[in-house]
Every structure is written in C-alpha cells, then in structure tokens.
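# What the coordinates show
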Amino acid sequence: VGWLAREMTAPEGGFYSSLDADSEGEEGKFYVWSLAEVEQVLGENAALFAHHYDVTPEGNFEGHNILNRLKGLPRSKETDAALGMLRSMLHKEREKRVRPGLDDKILADWNGLMIAALVHAGKAFWQPGWIDMAVRAFEFVQRNMARGDRLGHSWREGRLLYPGLASDFAYMIRAALSLYEATGERHYLDQALTWQAALDRHYANPQTGTYFLTADDAEGLVIRPASTGDDATPNPNAITAQNLVRLAAFTGDHSFRERADRLIDGVLAIGGDNLFIHVALLNAIDMRLNLAEIVVTGEGPLAETLTNAALALPHVARVVLRAPSAEALPASHPAQDKV
C-alpha cells in the first residue's frame, strides 16, 4: 500500500495502470542493487540490511539483487524500525536513477479491484487511512469516468474512453459494495444498484443469461466478446454473480439471489467443462452456498465494536449489514424475523 500511494496514485486520487519493467534499456535496472551499492549507501549498517533482504555478492537475479524478505527471518520491533530507516535511505538514493516509464491512464475496472482490496485490507489490518485512499479513488471514478448511470473505461488527461466494459461495471459495483459494508453510507449501495441496472440493460445476453464484455451501443464489432473464463483479472460474469449475492444480503431482495443462480447456471453451461479457468466462478458458488450474513443493529460503541469484529473476518466468507435500528432494515429483509 505504501508503494501504491507513493508510485501509483494520481493527485486526484485515482490509480495509474502500470510502470515499465525497463529503464535505460535494461529490465529491472531501477529496482535492483549490488552489495557494493548497498554498502556505499548504508555503511556499517549494510550487513544487517543485507542479511534480512537477501543481498549477496553474486546476486539473486542475473547478477543483481532483488531486495526481498522471503526467508522469514525472526525480527523484533527494534529491527523493523532500523530496517525501515535503512530502506528510506535506499529509496532516497534510488531517486537519483532514471525512472521507468509510467502508464498514467486510469482504468475503471482496475481501480474497482484496487478499491475493494484497500477496503478489505483496511478493515483486516485496522488501517482507516487505506479506506480513505479507496474513498478518494472511488470519488475520482464517479466524478470523472461516469456519465449518468454509465461508466467509461479509460481516463487520461481529461479524455474518457466511453462506453465502458462489463468489467468496469462489475468491479466498480464490487468496490461500491465494499465501501458500503465498511462505512454504512447508503449512497454507496444506491450507486451499486444504479450501475447494476445499467449493466443489465446494456450488457446482458438474454440467450445465455450471461453478460457481453461490450455494450449494446458500443462501436460495432464483428462479434461481441462474451468470454466466461478468467484472464489476468477475474471474469466480470463471476464478479457479477458475487455482487448479486451481496446485493441480496444488503437489500433483503431475494430476486438478486435468484439472478445470481441463473447467471451461475449460464456460465456453467458454457464453461463448466473447464473449471480451471473459472476459479472466480467457483468463488461465487462458494459464496452463494456458504456466505455468512451478519446484521448489526443499533448505534454506539458496542455496535461499532461488533461491526468491526465482523468486518475483520475474511471478506469472501461474510457480508456485514449495519443499521441504526431494526426498523431501518428493509421490510423484506430476513433479519426482521430475528430482531
């Protein structure tokens, strides 16, 4: 997260896409170190640093050293503090190097994935600042990459590539639901519902029950892409199935759960023979069958303590709905029968 904030966050709050691997024509040159360089910068503290970060004379990557902590050496608070200071010295020295190129376009779908990840990590590790980062990125997408109830895909220097892809909607809906769960602020749920309606209206494939990648009003293609398998990122059909399960829990509307079932059935009919590339769908099925729905009603320190304890559980296994009172829950919500 520190790297994300330092290297990949735009001044307006959105997250950039990538950094080049190469600089000055050499892969990894910006990031690797020799033992001699470490000794020159850190002096008498170089041995401590080299021991914990796998720095050797011969190197661990093509004659150079990629700093890493894979050995899992025992550490103390004092050691961590010392290593942090030494890292900052190397960071300062590294700034003198030629930096890799930055791909500074901002993608709605990739930002959605990062926003949700920051929210989950922020709650798991009790880091509210990480959730603040997620909120800023979400607001950037809302402000700069949405037109009405629709999302664009890519933003750079004020130019928006529009309309967006199904992945933009699926991942940003996931981000909105994560923020709603973490903060209890209703506008995130309302935004998720708005985007879900737009996704259904412009991307749904009525013949299969799944979603096309491109919108019905996008620039014409010979065919509309409609893959159900995961790639470098999880397939939007699978993420949408997960979103629908969560929407059912948040709203008390069982029709969302029924739609998730139809979507899962539709994907299985197409890709069920190759589950290896449908791991995100398996996650959706597990969520549909085993999700723990935790409802916290009331306000004050005790309710907040219970909510935080629930949110610290693994996010793939639970959904947390908070309400100031039982009366504030949707009338159709199953929890009404138990409060």
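Above this text sits the structure in question.
Here the residue numbers are simple positions, counted from 1 along each chain's written sequence. With the structure being a predicted model, the display of local features is reserved for residues of pLDDT at least 70 and the display and counting of side-chain atom pairs for 80 or more, all residues being used for whole-chain, interface and lining totals. No hydrogens and no water enter the side-chain calculation; it runs on all heavy atoms of the structure.

### A few points about the packing of helix α6 (residues 128-144) against helix α7 (residues 166-183)
Running from N to C, α6 and α7 point in directions that differ by 135°, and their axes come no closer than 11 Å. Taken together, the axes of α6 and α7 lie oblique to each other. Considering the relative orientation of α6 and α7, their crossing is left-handed. In contact with Ile131, Ala134, Val135, Phe138 and Val141 of α6, α7 contributes Met172, Ala175, Ala176 and Leu179. Ten residues, namely Ala, Val, Leu, Ile, Met, Phe, Trp, Tyr, Cys and Pro, are considered nonpolar, four, namely Asp, Glu, Lys and Arg, are considered charged, and the remaining ones, Gly among them, are considered polar. Split into classes, the residues belonging to the contact of α6 with α7 amount to nine nonpolar, no polar and no charged. Every axis corresponds to a line fitted to the C-alpha atoms, with the helix fit spanning only the stretch in contact, and the corresponding angles, defined between N-to-C directions, vary from 0 to 180 degrees. For helices the rule is a DSSP run of H or I covering at least 4 residues; for strands it is a run of E covering at least 2, with both sets numbered from the N terminus onward. Angular relationships are summarised with four words: roughly parallel below 35 degrees, roughly antiparallel beyond 145, roughly perpendicular across 65 to 115, and oblique for the angles in between. Handedness of each helix crossing follows the sense of rotation of the near helix against the far helix: counterclockwise by less than a right angle gives left-handed, clockwise gives right-handed. In this description, contact between two residues means that some pair of their heavy atoms is separated by no more than 4.5 Å.

### Focus: the pairing of strand β12 (residues 292-297)
Bridge count between β12 and strand β13 (residues 318-323): six bridges; the pairing is parallel. Pairing of Glu293 across the sheet is with Val319, part of β13. Taking the sense of rotation as the criterion, the β-α-β connection linking β12, helix α12 (residues 301-311) and β13 turns out right-handed. Criterion used throughout: strands pair if DSSP finds at least two bridges between them. Crossovers are described as right-handed under a simple rule: with the strands pointing away from the observer, the path leading from the first strand over the helix to the second runs clockwise.

### Notes on the pattern of salt bridges
When a carboxyl oxygen of Asp or Glu lies within 4 Å of a side-chain nitrogen of Lys or Arg, that pair is called a salt bridge. Per the counting criterion, the structure on display carries 21 salt bridges. Close ionic contact of Glu7 with Arg6 constitutes a salt bridge, the shortest N to O distance being 3.3 Å. Its salt-bridge partner being Glu157, residue Arg156 comes within 3.5 Å of it at the nearest N-O pair. Only protein chains enter the calculation, and the probe is 1.4 Å; a residue is then buried if its accessible area is under 20% of its type maximum, exposed if over 50%, and partly exposed in between. The exposed category is assigned to Glu157, whose relative accessible area is 53%. Counted as one network, the salt bridges with shared partners bring together Arg6, Glu7, Arg94, Glu95 and Arg99.

### Some remarks on the packing of helix α9 (residues 236-251) against helix α10 (residues 254-271)
Where α9 contacts α10, the two axes come as close as 8 Å, and the packing angle between them is 165°. Compared by their axis directions, α9 and α10 come out roughly antiparallel. Crossing angle aside, the handedness with which α9 passes α10 is left-handed. Where α9 approaches α10, its residues Asn237, Thr240, Ala241, Leu244, Val245, Leu247, Ala248, Ala249 and Thr251 are matched on the opposing element by Phe256, Arg257, Arg259, Ala260, Leu263, Ile264 and Val267.

### Observations concerning the nonpolar core
Generally speaking, soluble globular proteins have nonpolar side chains that are buried together. Each nonpolar core is a collection of buried residues, namely Ala, Val, Leu, Ile, Met, Phe, Trp, Tyr and Cys, held together in the definition by side-chain atoms within 4.5 Å. Counting 63 residues, the largest nonpolar core has Ile115, Phe138, Phe169, Met172 and Leu179 as the members making the most contacts within it. Going through the elements one at a time, α5 (108-124), α6, α7, α8 (186-203), α9, α10, α11 (279-290) and β13 are the ones with two or more residues in this core. A total of 10 residues in this core trace back to one element, the largest contributor, which is α7. For Phe169, the residues in contact, after removing those within four places along its chain, are Asp149, Arg150, Leu151, Trp195, Ala198, Leu199 and Tyr203. Of all hydrophobic cores here, the second largest spans 12 residues; its members include Trp33, Ala50, Tyr53 and Val55.

### Comments concerning the side chain of Ser154
Along the chain, the position of Ser154 falls in strand β8 (residues 154-156). Setting aside anything within four residues of it in sequence, one finds Ser154 in contact with Lys105, Ile106, Leu107, Met145, Arg159, Leu160 and Leu161.

### Examining unusual backbone geometry
A cis geometry characterises the amide bond from Tyr162 onward to Pro163, with omega recorded as 0°. With respect to the helices and strands, Pro163 occurs in the loop between β9 (159-161) and α7. The residue Trp126 is not glycine, and still its phi comes out positive at about 55°. With respect to the element layout, Trp126 can be found in the loop between α5 and α6. Residue classification places Trp126 among the exposed positions, given a relative accessible area of 54%.

### What about a negative patch on the surface?
To count toward a patch, a residue needs a relative accessible area over 30% and no salt bridge; like charges are then connected within 9 Å, while nonpolar side chains (Val, Leu, Ile, Met, Phe, Trp, Tyr) are connected within 5 Å. Here, Shrake-Rupley sampling with a 1.4 Å probe gives the accessible areas, and only protein chains in the shown set may cover a residue. Charge assignment in this entry is limited to Lys and Arg as positive and Asp and Glu as negative, and neither His nor the chain termini are counted. We put the charge of a Lys on NZ, of an Arg on CZ, of an Asp on CG and of a Glu on CD. A cluster of acidic residues, Asp20, Asp22, Glu26, Glu27 and Glu62, forms a negative patch on the protein surface. Inspection of the secondary structure puts Glu27 in strand β3 (residues 26-27).

### Here we look at the packing of aromatic side chains
Stacked, tilted and edge-to-face are the three classes applied to pairs of Phe, Tyr and Trp rings, where Trp contributes its six-membered ring and a pair requires centres within 6.5 Å; stacked means planes under 30 degrees apart, edge-to-face means over 60, and tilted covers the rest. Following the criterion strictly, the structure yields eight aromatic pairs and no others. Aromatic side chains Phe138 and Tyr188 sit 5.3 Å apart centroid to centroid with 75° between the ring planes, which places their arrangement in the edge-to-face category. Taken together, the residues span a long stretch of sequence, with Phe138 in helix α6 and Tyr188 in helix α8 at a distance of 50 residues. With respect to burial, Phe138 and Tyr188 carry one shared label: buried.

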